[in-house]
Amino acid sequence: MTRFSPINFNLLPTLVLEVPVGIEVLKGLRKLTIAAPERILRHGEVYQRYRIVPDSLETSKFTFFWRSSLPAGTTHKAYYYAEWSNGQQDRQELQINVIALPQGRLFEKIPVWYSIPSDMADIWGSPDDYRRGGFNTLDIWAYLSPQEKDWGERIIKRVIDQYSAADIDVWAWPGDWWWKEAPQSADGRAMAIDGEPTKDLNLLYRGEQYSHWLTAGKRLIDHGFYTHVVDPEIYRRVDKSVGYGKRAKADFRQYLMDNEITLPEDDPSVFMRRQRQYPEAVRLWHKWRAKKYTDFFVDYRKEMEDYMESLRIDRPFRFVIYSTYHFQWDSFYGYDDYETAPPYLLTLEDPKDLSDRAFDVMAPMIYPDLYPANGRRQHYDLTLPWKDTYSLHQLVGDETPIMPLLSTGYPFTVYERDLSAEMLKYNILETIAGGAKGFGFWGEGIQDALDMAVVGNLVDKLVPAEQVILKGTPFVTAPVSGVAFVKGISSPEGALILVSEYSDISQVVEIASPMPGTVIDIETEETVAKLSEPGQTFTISLTERRARMFYVSYTPVPAGTAIR
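Sequence order sets the numbering: in each chain, residues are counted from 1 along the sequence as written. Reporting in this predicted model follows two pLDDT cut-offs: at least 70 for local features of residues, and 80 or more for side-chain atom pairs to be given and counted; totals over whole chains, interfaces and linings ignore these cut-offs and use all residues. Hydrogens are left out, water is left out, and the side-chain values use all remaining heavy atoms of the structure.

**Focus: the pairing of strand E6 (residues 45–54)**
The pairing of strand E2 (residues 14–20) with E6 spans six bridges and is classified as antiparallel. Across the sheet, the residue bridging to Leu-17 is Tyr-50, located in E6. Two strands are said to pair when DSSP picks up at least two bridges between them. Starting at the N terminus, helices and strands are each numbered in turn, a helix being any DSSP run of H or I of at least four residues and a strand any DSSP run of E of at least two. Here three bridges tie strand E4 (residues 32–34) to E6, and the two strands are oriented antiparallel to one another. Across the sheet, the residue bridging to Thr-33 is Val-53, located in E6.

Written out as structure tokens, the structure reads:
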């Protein structure tokens, strides 16, 4: 997949792409017409010129698939430019590298997925191509709102049939339009602390749009989707904008009565203006609001489980939340008490409540590239995937698996830049070291052939450690010597140790292993050391590769053997 983005789409430009023979442009996403190519000569070589035409202003980016029959490992020169009604861009040079995607091993139980629109999955090509990128799961955005459901249902039927036949697990979104539409009605509109209506969602809303959402979920079940995914970026900064209406205040007082709690002041419009005077009221108010947020999904889950039972579907319903995506902070990392963290206070996300009552999988959205895009000119924090995964694991433990959603770059980078394949690899390694039981990628990021090759190769190398990942508990420790971050996961089956340091200075690091066994560099499959007892050390170097993961295979000591 690739994408070109016009600077001024209002001109409805045509993308002209000139590629060597052997490169074929396939289908485009959403209202793009790709004309049959014409043969031309460019610097004495035969090229194919494609014209990719947007059908309307609704198509603001040129996303399409292409493939090559040219030899893997070769580099070719191509050209592109834009044409519009009264002008033409200067011809731009484009280097194309041909990447091989051999089929590697896939995880059996650990999900690796891509989260994309259903119509993108529909034009991907072959599920075999998808599997070559290391993916065994697909998450599609199903378009099942009342306005879209007719064409949306036709597409999801084709997708689940095609991908399930290729032994790919398929998840789906019931949609997120409901919480955007609901505040347009009086019963869906939250009241602010000053008594004025807001554009935020009423915490007690169960009106028409919510009913449409439940209906969409049932349609997914009718089509065989039993894992549902939500991306509820419902609230951003709600300290003074949500929950101050009459119904909300009455419900809060009922919550206090049910829990036999008496407060000196129980009106949030009063105590939220005098928070130092009423700290316990403020704490309970936040807890009540977070509970009401979770209730949206508790009620959805019960509705889906009851519906599956009524249809006598003997399958478990699974519910996944994409959570804690915020520009200003690193989820819950660095907070001794998660109830003082911004995601809890300002977006109403209580990870313990969400995992205990609603969701089977917590999938935090971890985008280390979004900070520069938000105007904060700081370096990328390549440890962010570990920070967010590890801190969430400390809150929900192993009961609810954490499977982060990562990004390949766009749209969270300055000028829509891509993340390098090397950075992508480090993101995955940091995630695994934080205790993740799977990972996926957000669908606005382009998965080009190099990205696919990196993910597929890394999954292939991690497959022998699948049981360690599934059963491992994260740890973090200091190196015996050297300057680096040392963390990983340990289990009865072995350990994975990640050593990372993201400068350009060569480092020699000595690490104490949590268990005995053979130490293998997962990327090179080279044996680094053989350790006979826990706590024994081994030494490695960080040069070009700034993050290295090691698999320590557990070798039990025979009974009666003396331990030195």
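**A word on the sheet that holds strand E1 (residues 2–4)**
In space, the three strands of this open sheet follow the order E1-E7-E3, with antiparallel pairing throughout. Across the chains shown, the open sheet's two edge strands, defined by having one partner strand only, are E1 and strand E3 (23–28). In this sheet, adjacent strand axes meet at a mean angle of 40° when their direction is disregarded. Pairing of E3 with strand E7 (residues 62–68), which is carried by four bridges, proceeds in the antiparallel orientation. For every element, the axis is a line fit to its C-alpha atoms; helices are fit only across the contacting stretch, and the angle between N-to-C directions ranges from 0 to 180 degrees.

**Details of the nonpolar core**
Core analysis: the biggest nonpolar cluster contains 122 residues, and Leu-138, Trp-178, Tyr-235, Phe-297 and Leu-496 have the highest contact counts within it. Here this core gets 14 residues from one element, more than from any other, and that element is helix H8 (residues 279–310). Look past the residues within four positions of Leu-138 in its chain and what remains in contact with it is Trp-113, Tyr-114, Ile-116, Ala-121, Tyr-130, Val-159, Tyr-163, Ile-168, Asp-169, Val-170 and Trp-171. Grouping buried Ala, Val, Leu, Ile, Met, Phe, Trp, Tyr and Cys residues that are joined through side-chain atoms within 4.5 Å yields what is termed a nonpolar core. Think of it in three bands: with a 1.4 Å probe and only protein chains considered, a residue is buried below 20% of the maximum accessible area for its type, exposed above 50%, and partly exposed in between. By definition in these notes, contact holds between two residues if any of their heavy atoms fall within 4.5 Å.

**What to know about the sheet that holds strand E25 (residues 517–521)**
Within a sheet, neighbouring strands are paired by backbone hydrogen bonds and run either parallel or antiparallel to one another. Pairing within the open sheet is antiparallel, and its six strands lie in the order E21-E22-E23-E28-E25-E26. Looking at strand neighbours, the two that pair on one side only are strand E21 (473–477) and strand E26 (526–531), the edges of this open sheet. Adjacent strand axes in the sheet meet at a mean angle of 20°, parallel and antiparallel pairs treated alike. With seven bridges joining them, strand E23 (residues 494–500) and strand E28 (residues 547–553) adopt antiparallel strand pairing. For Leu-498, the partnering residue across the bridge sits in E28 and is Met-549. Against the sheet, helix H12 (residues 384–396) touches E21 and strand E22 (485–491), its axis set at about 120° to E21.

**A short note on the environment of Gln-89**
Relative to the elements of secondary structure, Gln-89 occurs in the loop between strand E9 (87–88) and strand E10 (92–97). Considered as a pair, Gln-89 and Ile-40 are 49 residues apart in the sequence and their alpha carbons are 19 Å apart. Contact partners of Gln-89, with chain neighbours within four places excluded, come to Tyr-81, Ala-82 and Trp-84.

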